[in-house]
Amino acid sequence: DAGVTQSPTHLIKTRGQHVTLRCSPISGHKSVSWYQQVLGQGPQFIFQYYEKEERGRGNFPDRFSARQFPNYSSELNVNALLLGDSALYLCASSLGRGGTAKNIQYFGAGTRLSVL
Amino acid sequence: AQTVTQSQPEMSVQEAETVTLSCTYDTSESDYYLFWYKQPPSRQMILVIRQEAYKQQNATENRFSVNFQKAAKSFSLKISDSQLGDAAMYFCAYRSAGNNDMRFGAGTRLTVKP
């Protein structure tokens, strides 16, 4: 079975532009979470979506938004890009919403975003 | 808010030897989960081992084991018989029982010397 897939693998944008990152979860997984990993740091939680609804949000500005589609794939959108948005964006999928030890998050290889 | 601290930015171990990576966390919750993830240069985070806070027994997965000290809020990872393929960034992570967002430490870069 395919794991979590993310696209594109990397991209370069300029300040002020908009970007859309995509994630396909493992088959059967209904929850998708997004994380931002700045170079030299651990991932930081951005969003969780479960059954197409936002179930959690980290401390990120409104320029960050996301959605989940009926097939449980997800998009992360970032508007008005800043230099500080340069990071590795990781997507993780899990079976359920949370709350049990079995609800393990499986990560994709990420999208490397560079903002110039 | 829960925080996770990894005080060792870098660690080095000789192949076939044992190494321990440290992690401490801060929380007021009683029910939570702890994880160690490995991130090789390929960037994909791979789950190494997990521990449920309500279980006193330390988790083990083959060459990987943890020392979970709930009162001290400590969660260290021991890698036995280190292999070259163990070289990677290792992240300690905390997750509340009630939700799905994980809090990660800053990571420890492990180098394995042949």
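The coordinates are above.
Residues numbered from 1 in each chain as written. Chains lettered and ligands numbered in written order. Predicted model: local features only at pLDDT ≥ 70, side-chain atom pairs only at ≥ 80, totals over all residues. Heavy atoms only, no water.

Trainee: Which parts of the structure should I look at to understand the overall build of chain A?
Mentor: Scanning chain A from terminus to terminus reveals zero helices and 11 strands. Along chain A, helices and strands appear, N-terminal first, in the series β-β-β-β-β-β-β-β-β-β-β. For chain A, the C-alpha radius of gyration of 13 Å lies close to 13 Å, the compact-globule estimate for 116 residues. For chain A, the residues scored as buried account for 52% of the 116 residues in total. (Helix = DSSP H or I, 4+ residues; strand = E, 2+ residues; numbered from the N terminus. Rg over C-alpha atoms; globule rule 2.2 N^0.38 Å. Buried < 20%, exposed > 50% of the residue type's maximum accessible area, 1.4 Å probe, protein only.)

Trainee: Would you mind showing me how to read the sheet that holds strand 1 (residues 5-7) of chain A here?
Mentor: All names here are of chain A. Spatial ordering of the open sheet is given by 1-3-8-7, a layout of four strands whose pairing is antiparallel. On the outer flanks of this sheet lie strand 1 and strand 7 (64-68), each paired with one strand and no other. Sheet twist, expressed as the mean angle between neighbouring strand axes with direction ignored, is 15 degrees. Across five bridges, strand 7 lies against strand 8 (residues 74-78) in antiparallel orientation. Counterpart to Ala-66 in the pairing with strand 8 is Leu-76. (Pairing = 2+ DSSP bridges. Axes fitted to C-alpha atoms, helices over the stretch in contact; angles between N-to-C directions.)

Trainee: Looking at this structure, how should I read the state of the cysteines?
Mentor: Note on terminology: a disulfide is the covalent bond linking the sulfur atoms of two cysteines. Enumeration according to the criterion identifies two disulfides over all chains in this entry. Note that A:Cys23 is cross-linked by a disulfide to A:Cys91, the S-S spacing being 1.8 Å. Every disulfide takes its handedness from the sign of the S-S torsion; for A:Cys23 and A:Cys91 that torsion is -65 degrees, giving left-handed. On the criterion of sequence distance, the pair formed by A:Cys23 in strand 3 (residues 19-24) and A:Cys91 in strand 9 (residues 87-94) is long-range, its members being 68 residues apart. For A:Cys23, a relative accessible area of 2% translates into the label buried. The partner cysteine of B:Cys23 in its disulfide is B:Cys92, sulfur to sulfur 2.0 Å. (Disulfide = S-S within 2.5 Å.)

Trainee: Hey, could you run me through the interface of chain A and chain B in this one?
Mentor: Often the size quoted for an interface is simply the accessible area lost on bringing the parts together. Contacts between the two partners involve 29 residues from chain A and, on the opposite side, 20 residues from chain B. Summed over the shared surface of chain A and chain B, the number is zero salt bridges. On inspection of chain A and its partner chain B, the count reaches seven residue pairs in polar contact (both at pLDDT 80 or more). Counting only elements with at least two residues in the side of chain A that touches chain B, the list comes to strand 4 (31-37), strand 5 (44-50), strand 9 and strand 11 (111-115) of chain A. In terms of residues, the side of chain A that touches chain B owes the most to one element, strand 4 of chain A, which gives four residues. Looking at the side of chain A that touches chain B residue by residue, the classes come out as nine nonpolar, 18 polar and two charged. (Contact = heavy atoms within 4.5 Å. Salt bridge = Lys/Arg side-chain N within 4 Å of Asp/Glu carboxyl O. Polar contact = N/O pair within 3.5 Å; in protein donor to acceptor, adjacent residues only side chain to side chain. Nonpolar A, V, L, I, M, F, W, Y, C, P; charged D, E, K, R; others polar.)

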